[in-house]
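# A closer look at the structure
The lines below spell out each chain.
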Amino acid sequence: MELAKPVLSPVKAVAPVVEGELEVQKIYVLDTNVLLHDPTAVYSFNEHKVILPMTVLEELDDIKDRRDKDVSKEARIAIQHIDKLLANATTREIQEGVVIVTAVEKESSVAGAGTLSIFPDQLLQRDSERQFLTRDAKDNNIINTALSLQKHNPSAYVCLVTKDINMRLKAKGSGLRNVEDYRKDKVIDDIDLLSRGYAHIEGSFWDNVDQVETLTQHQQTIHVVSRELHPDYHPAMFVHDDEGFIGFIESIENESIFIRDLNRDRLMSREVWGLRPRNLEQAMAFYLLESPDIDISILTGPAGSGKTLLALACGLQAIIEDKRYSKLIVARSTPPIAEEIGFLPGTEEEKMAPWLAAFDDNLEILHDADESCVGSIQYVKEKANIQFKSLNFMRGRSINNAYIIIDESQSLTQFQLKSIITRVGQNSKIVILGNLAQIDNKYVTPLTSGLTYIVEKFKDFHHGGIMHINSIERSRLAAFAEENL
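Residue indices follow the written sequence of each chain, beginning from 1 at its first position. Selection of residues for local features in this predicted model requires a pLDDT of at least 70, selection of side-chain atom pairs for listing and counting requires 80 or more, and totals for whole chains, interfaces and linings are taken over all residues. Side-chain metrics in this entry use all non-hydrogen atoms of the structure; hydrogen atoms and water are not considered.

## A look at the side chain of Asp 121
We apply this condition: Numbered from the N terminus, helices here are DSSP runs of H or I no shorter than four residues, and strands are runs of E no shorter than two. A 1.4 Å probe rolled over the protein chains alone gives each residue an accessible area, and that area as a share of the maximum for its type sets the label: buried under 20%, exposed over 50%, partly exposed in between. Any N or O atom pair separated by 3.5 Å or less is treated as a polar contact, with the protein-specific requirement of one donor-capable and one acceptor-capable atom, and with residues adjacent in sequence counted only for side-chain atom pairs.
Positionally, Asp 121 belongs in the loop between β6 (115-119) and α5 (138-152). For Asp 121, a relative accessible area of 2% translates into the label buried. A distance of 2.7 Å separates a polar side-chain atom of Asp 121 from the backbone nitrogen of Met 54.

Structure (structure tokens):
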């Protein structure tokens, strides 16, 4: 039985885009890596026609059974979303386009919505037309789909969306007019624009302030200034100047910024679990980590800046001394090879030990002055109920009454981090650590990293704090290497 010919004409159900006096139909061809990066990507184009070449489904099918649990899970989720949209459609409807409906939409409200269709690109090799690229690579099959659509729809805006730079070059070189990166996950255009959690004012902060109202609340001094002076400020960030002033933005209401006046000397002399800050950025990080009003703290910075040490010290203090939480959960994503040791004997903590050695190193730093360092570390692990977890096994849980540290988050996608953060339950605090210069995921860049995404998304959250610690305190060797290598 011969398959139906591929549908190459635009579908009327798709809302046209008006450019001047012309109506331009938009047709997006998605590459496999887009769905691996964001399994819900089809919903991002829900006003236009979305095409999935058959080759993309074949690649997803191959990837879903890989040992790399993170990537294979994204493939399975993408397949499930596609199936949810196309499950009840006929063969003809799947090729012509099925209306994209999210879980919160109803059929009666999707007039002008986009459509999703499968393109049988395997038929192109039997097409009497010339082939655009040789069919010796799956990327070429996907590019051929876009080129064929472009040829049969000359008045439409046909665009290939892929995160593969070389594939974008090949597509343009083959004559495809429109090729784009997947941009929904890009919250900023330049990594230098990423929020650092503080603003430094040269000279005096008060030089440019014409009017200020000073209040006293719970023995704290609060300054109220106009938002027009600093429209880019956000809640839970710090402000400091060259003359010793340092303030914490408690809230932004209407046109006013409420700044809590902090004492710099007191901030720098604060001791947590025997640890004192070595620079102002570490001191501000301590303030965020200790604040009971901050539910999520995001610490970024180069290796050796003290992110893990600060988070661990505050976690031990909050659990053992302050009794605010009942357990400390330490988690990070494991590389694919880690899955191969799953059959070995031992607890999950013992299997995770090679990838969580940094925390043992930091526990040694915190207790190196003790008479019995090994004994102290073992006591603290039991007293603080420290649990070492793989992120692969945290999804689907609800974590209550816990202090949670997520390490090496720079290689996670926004979808992966979202699935982790949404696990945080009542009376819990989550601390996310990462260094955007150490990404080891080929599907992630500094601009598309989940760490970058949550920094920008949470910067306006009143119960979230961000701090970029730039100074390297590990050693002069580490500082030189970070700057010069």
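Next comes the rest of the write-up.
## Describing the confidence of the model for the chain
What counts, and what does not: Here pLDDT means the predictor's own confidence in every residue, given as a number from 0 to 100. For this analysis, residues touch if any pair of their heavy atoms sits within 4.5 Å.
Per-residue pLDDT for the chain has a mean of 83; in total, 83% of the residues score no lower than 70. For residues 1-21, every residue scores under 50 in pLDDT, and the model assigns this stretch 54 contacts once sequence neighbours within four places are set aside. In the predicted structure, residues 103-112 sits below a pLDDT of 50 and forms nine contacts with residues beyond four places in sequence or in another chain.

## Brief notes about the sheet that holds strand β13 (residues 246-253)
Stated precisely, the cut-off is as follows: One bridge is not enough; two strands pair if DSSP finds at least two bridges between them. Lines are fitted to the C-alpha atoms to define the axes, a helix being fitted only along its stretch in contact, and any angle between axes, read from their N-to-C directions, falls within 0 to 180 degrees.
Across the sheet, which stays open at both edges, the six strands sit in the order β9-β12-β13-β14-β11-β10 with mixed pairing between neighbours. In this open sheet, the two edge strands, each paired with only one partner strand, are β9 (198-201) and β10 (213-217). Going from strand to strand, the sheet's axes swing by 30° on average, the running direction of each strand aside. The pairing of strand β12 (residues 238-241) with β13 spans three bridges and is antiparallel. Opposite Phe 238, over in β13, you have Phe 248 as the bridge partner.

## Observations concerning unusual backbone geometry
Here the phi dihedral of Glu 408 falls at roughly 55°; this positive angle occurs in a residue that is not glycine. Structurally, Glu 408 can be placed in the loop between β18 (402-407) and α13 (414-421). Despite not being glycine, Asn 427 has its phi angle at roughly 50°, a positive value. Within the fold, Asn 427 resides in the loop between α13 and β19 (429-434). Of the residues examined, Asn 427 reaches a relative accessible area of 46% and is grouped as partly exposed.

## Comments concerning a negative patch on the surface
Short version of the rule: Patch building starts from residues that exceed 30% relative accessible area and form no salt bridge, then joins like charges within 9 Å and nonpolar side chains (Val, Leu, Ile, Met, Phe, Trp, Tyr) within 5 Å. The protein chains shown are the only cover counted for residues, whose accessible areas, like all others here, come from Shrake-Rupley with a 1.4 Å probe. Counted as salt bridges are all cases of a side-chain nitrogen of Lys or Arg within 4 Å of a carboxyl oxygen of Asp or Glu. By the counting rule applied here, Lys and Arg register as positive and Asp and Glu as negative, while His and the ends of each chain are not counted. Taken as the charge location is NZ of Lys, CZ of Arg, CG of Asp or CD of Glu.
Taken together, the side chains of Glu 202, Asp 207, Asp 242 and Glu 243 define an acidic patch exposed on the protein surface. Mapped onto the elements, Asp 242 comes out in the loop between β12 and β13.

## Description of the nonpolar core
Put simply, the rule reads: The criterion is simple. A nonpolar core is a set of buried Ala, Val, Leu, Ile, Met, Phe, Trp, Tyr and Cys residues joined through side-chain atoms within 4.5 Å.
In terms of nonpolar packing, the biggest core is built from 48 residues, with Leu 30, Leu 35, Val 42, Leu 60, Leu 116, Leu 160 and Val 161 touching the most fellow members. Of all the elements, helix α3 (residues 69-86) adds the most residues to this core, at six residues. The contact partners of Leu 30, leaving out residues within four places of it in the chain, are Leu 35, Val 42, Phe 45, Val 50, Ile 51, Leu 52, Pro 53, Val 56 and Val 161. Formed by 47 residues, the second largest nonpolar core is a distinct cluster that contains Ala 236, Ala 283, Phe 286 and Leu 288.

## Some points on the environment of Tyr 443
Along the chain, Tyr 443 falls in the loop between β19 and α14 (450-458). Spatially, the C-alpha atom of Tyr 443 lies 9.3 Å from that of Leu 412, the residues being 31 residues apart in sequence. For Tyr 443, the contacting residues outside a window of four places in its chain are Asn 33, Leu 36, His 37, Arg 66, Val 71, Lys 163 and Thr 448.

## Points about the pairing of β13
Regular strands place side chains that alternate from one sheet face to the opposite one. Of all eight residues making up β13, six are buried, and the element is well covered by its neighbours. Where β12 hands over to β13, the hairpin turn is made up of four residues, of which Gly 244 adopts a positive phi near 100°. Looking at chain direction, β13 and strand β14 (residues 256-262) are connected through seven bridges and run antiparallel. Paired with Gly 247 across the bridge in β14 is Asp 261. Between β13 and β14, which pair antiparallel in sequence order, lie two residues; one of them, Asn 254, sits at a positive phi of approximately 55°.

## Focus on the sheet that holds strand β16 (residues 327-332)
Ordered in space as β17-β16-β18-β19-β15-β20, the six strands form an open sheet in which the pairing is parallel. Only two strands of the sheet have a single partner each, and these edge strands are β17 (386-390) and β20 (464-468). Neighbour-to-neighbour, the strand axes of this sheet turn through a mean angle of 15°, independent of strand direction. Note that β16 and β18 share six bridges and pair parallel. In the strand pairing of β18, Leu 328 is matched with Tyr 403. This element, α14, spans β15 (296-300), β19 and β20 of the sheet and lies at about 130° to β15.

## Some remarks on the layout of surface pockets
As a reminder, the rule being used: Any residue with an atom within 4 Å of a point lines the site, the site being either a cavity, points on a 1 Å grid over the protein atoms alone where a 1.4 Å probe fits but cannot get out, or a pocket, an open set with protein on both sides within 12 Å along at least 5 of 7 lines. Grid points are joined across faces, edges and corners, and a volume is the space filled by probe spheres set on the points. Note that Gly is not counted as nonpolar here; it falls among the polar residues with everything else outside the nonpolar set of Ala, Val, Leu, Ile, Met, Phe, Trp, Tyr, Cys and Pro and the charged set of Asp, Glu, Lys and Arg.
Its volume calculated, the largest pocket comes out at about 660 Å³. Lining the largest pocket are 30 residues, with Gly 304, Gly 306, Thr 308, Asn 362 and Arg 474 sitting closest to its centre. At the level of elements, α9 (307-321), α11 (357-367) and β19 are the ones that each hand at least two residues to the lining of the largest pocket. If one sorts the elements of the lining of the largest pocket by residue count, α11 sits on top with five residues. Class assignment of the residues belonging to the lining of the largest pocket gives a composition of eleven nonpolar, ten polar and nine charged.

## A look at the pattern of salt bridges
Per the counting criterion, the structure on display carries ten salt bridges. The partner of Asp 181 in a salt bridge is Lys 163, and the shortest N-O contact between them spans 3.4 Å. On the criterion of sequence distance, the pair formed by Asp 181 in the loop between β8 (178-180) and β9 and Lys 163 in the loop between β7 (157-161) and α6 (165-173) is long-range, its members being 18 residues apart. Judged on exposure class, the residue Asp 181 and its partner Lys 163 are both buried. Ionic pairing is found between Glu 271 and Arg 276, a salt bridge with its closest N-O pair at 3.3 Å. In this structure Glu 271 comes out as partly exposed when scored by relative accessible area, which is 42%. Salt bridges here are not isolated pairs; linked through shared partners, they connect Asp 61, Lys 64 and Asp 65.

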